[in-house]
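Residue strings, one per chain:
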Amino acid sequence: MRYHDSTIDLHTHTTASDGAFTPEALVERARSKGITHLAITDHDTTLGIARAMARAKQDDLLGQIQIIPGVEISTSFKTVQIHIAGLFIDPDCEVMKRFVERQLSLRKWRAEEMGRKLEGAGFPHIYEEITEGLPEGSIVTRGNFARYIYEKGKAKSFEDAFNRYLRRGRVGYVNSQWMDIQEAVEIIHQAGGIAVLAHPRRYEITNGRLRTLITYFREAGGEAMEVAACQMKPSDRDFMATLCVQYGLLGSAGSDFHHEGSFRELGWNLSIPGKVTPVFEEPRFKGRFEVIPGMNSGRGTAI
């Protein structure tokens, strides 16, 4: 597979939530792909950040890869689950610690309920097997269950497992009351970060409703939106860039990497159109974004 000359990936997951790679392994994989700036944005937790940073500092890796501390917060907007990413957060601030503790409790309850439902569908002890060996405090999501079902040979792919058992209306689905977008943005800001509307093209909503979502996100204080993702069509990328300009948002780019799969890899296909200001050029954060030799941060280039 051919990879673009991307060096920056601002949306990834580790085993601290539903990623398949440990924080250490993800850093090594990123380094092997030529990534110079990697954001760790696990679902509703910051557990993997310290481990990723520690690995980046070993073996003279510091200077070759910068770890950007982040989080991906689950929210609700008109019954649709929306993800808000936070970049450049302080994972040790009290607000973020309280948030992680609260989300861990909610996520644990939800995962146990999913496990109970799936046991009735022919997956005995699925929750216990999924959580066995995970670090204490890890977040378990539908992604963990989908990967387990696929690896057990009960689905043709990860996506097939998710669609067959875990989507809304399927046997393993458990409804949750996620926080409002405004609360998520406030938490990110109190943690010193910048709020990013994650993968807007993946929500099953019309373009009109997407504009309503962006308007609400912007009014809540959101500053950026992901305009580039691995599997995004050029026409969608251009449309997202146009919306960024219209709504005064910065542009972010991330693979949303969880595990090995077709057409999704660290740093792949993450070019931000030239008409959009990249999130890392925002004045408050530009000084915290280390320039690494070989990095190309110019607008309109692959990042």
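The rules we used
- Residues numbered from 1 in each chain as written.
- Predicted model: local features only at pLDDT ≥ 70, side-chain atom pairs only at ≥ 80, totals over all residues.
- Heavy atoms only, no water.
- Core = buried A, V, L, I, M, F, W, Y, C linked by side-chain atoms within 4.5 Å.
- Buried < 20%, exposed > 50% of the residue type's maximum accessible area, 1.4 Å probe, protein only.
- Helix = DSSP H or I, 4+ residues; strand = E, 2+ residues; numbered from the N terminus.
- Contact = heavy atoms within 4.5 Å.
- Salt bridge = Lys/Arg side-chain N within 4 Å of Asp/Glu carboxyl O.
- Phe/Tyr/Trp six-rings, centres within 6.5 Å; stacked < 30°, edge-to-face > 60°.

Draft legend 1. Representation of the nonpolar core within the structure. In this structure, I82, I84, M96, I181 and L213 are the most contacted members of the largest nonpolar core, which totals 44 residues. Going through the elements one at a time, β3 (66-77), β4 (80-87), α3 (94-119), α7 (181-190), β6 (194-197), α8 (207-219), β7 (224-228) and α9 (234-247) are the ones with two or more residues in this core. Beyond its immediate sequence surroundings of up to four residues, L213 is in contact with F77, I82, I181, L197, Y203 and I205. If you look at the next biggest cluster of nonpolar residues, it comprises 19 residues, including M114, F123, A146 and I149.

Draft legend 2. Geometry of the pattern of salt bridges. According to the stated counting rule, one finds 15 salt bridges in the structure shown. Between R29 and E260 there is a salt bridge, with the nearest N and O atoms lying 3.1 Å from each other. Of the two residues, R29 is situated in helix α1 (residues 23-32) and E260 in the loop between β8 (250-253) and α10 (283-286); the sequence distance between them amounts to 231 residues. Residue R29 is classed as buried on the basis of its relative accessible area, which comes to 15%.

Draft legend 3. Region of interest: the packing of aromatic side chains. The tally for this structure, following the rule as stated, stands at 3 aromatic pairs. The interplanar angle of 40 degrees and the centroid separation of 5.5 Å between the aromatic rings of F77 and Y216 together place this pair among those described as tilted. Of this pair, F77 sits in strand β3 while Y216 is found in helix α8, placing the two residues 139 residues apart along the sequence. The exposure class assigned to F77 is buried, which follows from its relative accessible area of 8%.

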